Amino acid sequence: MAGEFYLSGLTGAFEWGSIVQSIIALKSIPVQRLSEEKRAISQKLELLGKLSESIDNLRSVLENFNLEQTLRRKSGAVSNPEVLSVSALDNAPEVSFTINVLQTAQKEILVYDEGFNSLTEPVGSEGVFTLRYYKDLDNFVEFNVEYSSGDTLRDIVNKINQAQNYVKASIYYDGKKYKLMLMEASESNSSVETAPDLSVKVIHLLGSLPQQFGHNVLLQPAKNAQIQIGNGLPISSSSNAFENVLDGVSIAVKKTGSSTVEIKRSFNGISEFLNNFAKTYNEIINQVKSLTIGEKAPFRGENSIMDLRFRLANTLNPLIELGIVEVNEEGTIKISGNLEEIISKDPDRFKSKFNEFLNKAKTLINQQSKSFSEFRKVLKEKTERIDERIRILSQRLVKEEEILKKQFAQLEDFIRYANSIKARLQDFIVAISQAGGNRK
């Protein structure tokens, strides 16, 4: 019966366990061979998966690239990057001009001149004051701040900051007193410029102020940035950023000074694409070589993989004709030539050849991806069939081992029984012999 338990040599008549193990070991050879075959296929699947991943990466590089859009890109160059920087959108005109930075933007900073003797000194009174912030000369926002007699300067600073995001309150210590300091959170929020006599300013405190505040004093006036393009009129901005001064052109000023600006077509996008393509292409070529070349190569003689190397090389012909790509002896490639010069020399030819390359490469990669997917499916199905064969053979071996154990256990029992009869016969013969001797 299945599940019966047999112990070798239990009676001491016959040690048969090693014999059963040897027999099962011999019968297990087909299972071992199948397991080795499965390991080899699993290794192939893993390697093929890595190659497929590289192919998917190359497809992503190709599909995420748009030649027409990339050719429309513009870039801005400046002669003095310490003075300003520039960025350009696709719709920016190709132009060169000089910019004079007349003034950079800065935040208004006020401090109140009386002050507290310590950070723990209470206000000693209660009231409400209004923080008014002018966005321009005609428009402002207001926020009420309520304080009590037990509040300290730190408490009032916190209440101001919690009430709004336009003004940053902090504590200013002049060596003797702790004073309230107010500063614009961002110069871009207001176009108001501070008058030297404070007749015009951005930040106002109105209403019932604690007596420890005193009067406000100007530490830094609010200023708008100003630039002059060529001999044109000055242009102002509340921040150091000038958006769309020309269509699609944005300027960020850093300090006063002069710099030339040139807006021109950018070929960085094409260069970046070509470098990414070459990197991924070379990874695939090196993988194919390691998989197919050499006596121990796992896919040696596998045409579907070996041919990939040559089919990929054929897609490069348009780029080679343009002088953009060079093929090394080992089959890898490198980007060469002056891209800007090649494009500018004959833009129509460049676009035609480049599109020819893109179409060929995309078609090949899509075909190859599908082919490898089917190849991997075949290998997976093969491993599943091997698993099933291993399962059947293993079950058969278990049954055969159980039968052998039962048969040998029965044999051991028979030998034990035979030995017991032999012993009894020997005892009987001895007894007869002894009885005959006694009659004499």
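You'll find the structure just up there.
Remember, it's a predicted structure, so these values are computed and weren't measured experimentally.

Caption draft 1: Spatial organisation of the sheet that holds strand S10 (residues 216-220). An order of S7-S8-S4-S10 is seen for the four strands of this open sheet, with the pairing classed as antiparallel. Taken across any chain shown, the strands that pair with only one partner, and hence form the sheet edges, are strand S7 (167-173) and S10. Going from strand to strand, the sheet's axes swing by 30° on average, the running direction of each strand aside. Here four bridges tie strand S4 (residues 109-112) to S10, and the two strands are oriented antiparallel to one another. Across the sheet, Leu110 pairs through a bridge with Leu218, a residue of S10.

Caption draft 2: The arrangement of the packing of aromatic side chains in detail. Counted by the stated rule, this structure contains 15 aromatic pairs. Ring geometry for Phe129 versus Phe213: centroids 6.1 Å apart, planes at 65°, classification edge-to-face. Residue Phe129 is found in strand S5 (residues 127-134), and its partner Phe213 is found in the loop between strand S9 (203-207) and S10; the two are separated by 84 residues along the sequence. On the accessibility criterion, Phe213 (1% relative accessible area) is buried. Ring plane angle 55° and centroid distance 5.9 Å describe the contact between Phe273 and Phe354, whose orientation is recorded as tilted. With Phe273 in helix H5 (residues 268-292) and Phe354 in helix H9 (residues 347-439), this pair connects stretches of sequence that are 81 residues apart. Per residue, the accessibility class of Phe273 equals that of Phe354, and both read buried. Taken together, Phe65, Phe273, Phe277, Tyr281, Phe350, Phe354 and Phe357 form an aromatic cluster joined through their ring pairs. Taking the ring centre of Phe140 as reference, the NZ or CZ of Arg132 above it sits at 4.2 Å.

Caption draft 3: Spatial organisation of the pairing of strand S14 (residues 249-253). The buried fraction of S14 is high, at four of five residues. Pairing geometry for strand S2 (residues 84-88) and S14, over five bridges, is antiparallel. The partner of Leu84 across the bridge, within S14, is Val253. Where strand S13 (residues 241-246) lies against S14, three bridges are found, and the strand directions are antiparallel. Opposite Phe242, over in S14, you have Ile251 as the bridge partner. Connecting S13 to the next strand, S14, in antiparallel fashion are two residues, including Gly248 with a positive phi near 75°.

Caption draft 4: Broad picture of the nonpolar core. Ile270, Phe273, Phe277, Phe350, Phe354 and Phe357 are the most contacted members of the largest nonpolar core, which totals 50 residues. Elements with a minimum of two residues in this core: helix H2 (29-63), helix H3 (67-71), H5, helix H6 (303-315), helix H7 (317-322), helix H8 (339-345) and H9. For this core, the element with the most residues is H9, which contributes 13 residues. Look past the residues within four positions of Phe350 in its chain and what remains in contact with it is Leu67, Leu71, Ile270, Leu322, Ile324, Leu339, Ile342 and Ile343. Residues Ala169, Leu180, Val192 and Leu198 belong to the second largest nonpolar core, which totals 26 residues.

Caption draft 5: Region of interest: unusual backbone geometry. Positive phi values are uncommon outside glycine, yet Leu198 reaches one of about 65°. With respect to the helices and strands, Leu198 occurs in the loop between strand S8 (178-184) and S9. The phi dihedral of Asn244 is positive, around 55°, even though this residue is not glycine. Inspection of the secondary structure assignment puts Asn244 in strand S13.

So, how was this worked out
Residues numbered from 1 in each chain as written. Predicted model: local features only at pLDDT ≥ 70, side-chain atom pairs only at ≥ 80, totals over all residues. Heavy atoms only, no water. Pairing = 2+ DSSP bridges. Helix = DSSP H or I, 4+ residues; strand = E, 2+ residues; numbered from the N terminus. Axes fitted to C-alpha atoms, helices over the stretch in contact; angles between N-to-C directions. Phe/Tyr/Trp six-rings, centres within 6.5 Å; stacked < 30°, edge-to-face > 60°. Buried < 20%, exposed > 50% of the residue type's maximum accessible area, 1.4 Å probe, protein only. Lys NZ or Arg CZ within 6 Å of the ring centre and 35° of its normal. Core = buried A, V, L, I, M, F, W, Y, C linked by side-chain atoms within 4.5 Å. Contact = heavy atoms within 4.5 Å.

From the geometry alone we can't say anything about function, so treat these as descriptive.
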